[in-house]
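Descriptive structure summary
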Amino acid sequence: MLARLLTTRWISRVSRGVPVARLLLIGEVALMARRHLIRLDRSERRRLLALLVRARGRSGRLSYSERAQLAALIARVEPRLFVGSAIARLSPVPLPKRLLYGPRRRAARRAAIGPARRP
């Protein structure tokens, strides 16, 4: 299937400058981003986009309540887990869990992987 895909004209033009492995990895990261963004419903995604456009990279342009909304929406997307899982997917060596889930005694880590077990 991949060999047939590579013989098409437009794919062969694109693949001259970009190796196919990079395209596949970019696709995987895009799918991971989608999985994290669908944790928000449609109205929340719209509100997140509206707040990001209004802030234009500076949280000082938002009111206190808008900053709180933005922080809550971003927390639901779990950016640390997204970045950690993307790096784990691209990295040839295993990553420590603290990069994926945060420090041991944090609520986000307990929620994601459960409480730490002691022998």
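Residues numbered from 1 in each chain as written. Predicted model: local features only at pLDDT ≥ 70, side-chain atom pairs only at ≥ 80, totals over all residues. Heavy atoms only, no water.

On to the nonpolar core, then. In this structure, L40, L48, L51, A55, L62, L70, L73 and V77 together form the largest nonpolar core, which totals 8 residues. Taken together, the elements giving at least two residues each to this core come down to α4 (42-55) and α5 (64-77). Ignoring any residue separated from it by four or fewer positions in sequence, one finds L62 in contact with L51, R54, A55, R67 and L70. (Core = buried A, V, L, I, M, F, W, Y, C linked by side-chain atoms within 4.5 Å. Buried < 20%, exposed > 50% of the residue type's maximum accessible area, 1.4 Å probe, protein only. Helix = DSSP H or I, 4+ residues; strand = E, 2+ residues; numbered from the N terminus. Contact = heavy atoms within 4.5 Å.)

At their nearest, the axes of helix α3 (residues 20-37) and helix α6 (residues 79-90) sit 10 Å apart, and the two run at 155° to each other. With respect to each other, α3 and α6 are oriented roughly antiparallel. As for how α3 packs across α6, the hand of that crossing is right-handed. Residues L25, E28, V29, M32, A33 and H36 of α3 lie in contact with α6, whose contacting residues are L81, F82, S85, A86, R89 and L90. Here the contact of α3 with α6 is composed, by residue class, of 8 nonpolar, 2 polar and 2 charged. (Axes fitted to C-alpha atoms, helices over the stretch in contact; angles between N-to-C directions. Parallel < 35°, antiparallel > 145°, perpendicular 65-115°, else oblique. Left-handed = near helix turned anticlockwise from the far one by under 90°. Nonpolar A, V, L, I, M, F, W, Y, C, P; charged D, E, K, R; others polar.)

We now examine the pattern of salt bridges. For the structure shown, the criterion picks out 4 salt bridges. For R39, the salt bridge goes to E78, with nearest N and O atoms at 2.3 Å. Remark: E78 occurs in the loop between α5 and α6 and R39 occurs in the loop between α3 and α4; sequence separation between them is 39 residues. Given the relative accessible area of 34%, R39 is considered partly exposed. A relative accessible area of 33% places E78 in the partly exposed class. (Salt bridge = Lys/Arg side-chain N within 4 Å of Asp/Glu carboxyl O.)

This part takes up the environment of Y101. Position of Y101 among the secondary structure elements: in helix α7 (residues 97-101). With 16 residues separating them along the chain, Y101 and S85 place their C-alpha atoms 9.7 Å apart.

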